[in-house]
Each structure stands twice: as C-alpha cells, then as structure tokens.
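# Observations on chain architecture
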Amino acid sequence: MQNYIMPNYKLIYFNMRGRAEIIRYIFAYLDIKYEDHRLEQADWPEIKSTLPFGKIPILEVDGLNLHQSLAIARYLTRNTDLAGKTDLEQCQVDAIVDTLDDFMSRFPWAEKKQDVKDQMFKELLTCDAPHLLQDLDTYLGEKEWLIGNSAGDITEESPKHSCHS
C-alpha cells in the first residue's frame, strides 16, 4: 500500500475575505495546512497578466494552479463528509452552493463609486437576502439538516431564520 503524502497547498488571493474565504473555511474545518498568500491591490496588475484566466483565487497544488473558487472548494471536499455521501446528496450540495453563488455574484465587487457600491449592497442585503433565506428555510422544511439525516451525515444545520417582508 502506498503512503499518502499531503500535497503542498498555496492559496493566492487579495488581502480580504471575498471568493477565497470558502476555501479558507474548508482548510480550517478539515485541519489542512496551507500557505495563505495575500496580494496587495497595487501588485495585482502585474500578477494578473501572468495568470491564464486573469482571475483569483488560485490554489497552487504542488505547483499546479487551480482556479475558480467553487471548483477548488469541490476539489478539497471531495471524499469528505462535506461533499455528500451519495451522488444525489452531492448534487443537492452543489445546488445549494450554486444558489448561494448566484446571490454572491450579484454583489457589486467591482463598483468604483463607494456610495453606489454601498447602496447596491444595502439593497441586496435588505431586499433580496430575506427572500433567499426564506427559500432556504422552505427547502429545509421540517428537516433538521439541509442535506442528509444527521450531524454525522453532511453540511451544517440551517440557520432557521424566518424572514418577513
């Protein structure tokens, strides 16, 4: 039997939470050591031109660059209880993650005018987030877990928020 050697991981992202935070949470939850390389905005134009798709986060795995935060998250959670135990559970997990990503992708990350950015964030969080939470609550129904049947199964307990317009 071959000994499994843990790969060397280097996460490359800005010095902020953003799209890399889910990856950091997964590393922490799974107790995996990694280098958290944080870029400063001033260095970004030079680094961007060296990347095949010009986007971060990048997870360097033994010298191979992986991109797209959700693809990286799926790679790290594959074969763990976080990814679902069956193909159907994996699809359910993916659907919830993609639903949350749809919501996050509407955030005005690139907006230059701070007042416009603040207004857009406020609108999303006060007008749209309650609907998303209600949809998640409806999806949960009377179950205790979004996916699976117990704490030993998968994912986290729903926040059980009740939002009213």
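Below you will find a few notes about this structure. Values in this document were obtained by computation on a predicted structure and should not be read as measured data.

### Notes on the overall build of the protein chain
- Secondary structure summary: the protein chain contains five helices and four strands in total.
- Listed by position from the N terminus, the elements making up the protein chain come as β-α-β-α-β-β-α-α-α.
- For the protein chain, the residues scored as buried account for 33% of the 165 residues in total.

### Comments concerning the packing of aromatic side chains
- Scanning the entire structure with this criterion turns up six aromatic pairs.
- Taken together, a centroid distance of 5.3 Å and an interplanar angle of 55° make the contact between Tyr9 and Phe27 tilted. Placement of Tyr9 in strand β1 (residues 9–14) and of Phe27 in helix α1 (residues 21–29) is noted, with a sequence separation of 18 residues between them. In this pair, the class of Tyr9 matches that of Phe27, namely buried.
- Judged by centre distance (5.0 Å) and plane angle (85°), the ring pair of Phe107 and Phe121 falls under edge-to-face. Of this pair, Phe107 sits in the loop between α4 (87–104) and α5 (114–140) while Phe121 sits in helix α5, and the two are 14 residues apart along the sequence. Residues Phe107 and Phe121 agree in their burial class; the two are buried.
- A cation sits over an aromatic face here: Lys143 above Tyr139, 5.0 Å from the ring centre.

### Some points on the sheet that holds strand β3 (residues 58–61)
- Across the sheet, four strands lie side by side as β2-β1-β3-β4; this open sheet has mixed pairing. Edge positions in the sheet fall to β2 (35–39) and β4 (64–67), since each has one partner strand and no second. Adjacent strand axes in the sheet meet at a mean angle of 25°, parallel and antiparallel pairs treated alike.
- The pairing of β3 with β4 spans four bridges and is classified as antiparallel. What sits directly across from Glu60, in β4, is Asn65.

### Examining the side chain of Ser69
- Structurally, the position occupied by Ser69 is in helix α3 (residues 69–77).
- Leaving out residues up to four positions away in the same chain, Ser69 has contacts with Arg19, Ile23 and Pro57.

Rules used throughout
- Counting starts from 1 at the beginning of each chain's written sequence and moves along it residue by residue.
- Only residues with pLDDT of at least 70 are given local features in this predicted model, and only at 80 or more are side-chain atom pairs given and counted; all residues enter the totals for whole chains, interfaces and linings.
- The basis for the side-chain values is all heavy atoms of the structure; hydrogens and waters are excluded.
- Going along the chain from the N terminus, every DSSP run of H or I of four or more residues is numbered as a helix, and every run of E of two or more is numbered as a strand.
- The cut-offs for exposure are 20% and 50% of the maximum accessible area for each residue type, with area from a 1.4 Å probe on protein chains only; residues under the lower value are buried, those over the upper are exposed, and the others partly exposed.
- Think of it this way: a Phe, Tyr or Trp ring, Trp meaning its six-membered ring, pairs with another when their centres are within 6.5 Å, and the plane angle makes it stacked under 30 degrees, edge-to-face over 60, tilted otherwise.
- Two conditions define a charge located above a ring, namely a distance within 6 Å from the ring centre to NZ of Lys or CZ of Arg, and an angle within 35 degrees of the ring normal.
- For two strands to be treated as a pair, DSSP must find at least two bridges joining them.
- Simply put, an axis is a line fit to the C-alpha atoms, just over the touching stretch for a helix, and the angle between two N-to-C directions goes from 0 to 180 degrees.
- Residues count as neighbours in contact if any of their non-hydrogen atoms are within 4.5 Å of one another.

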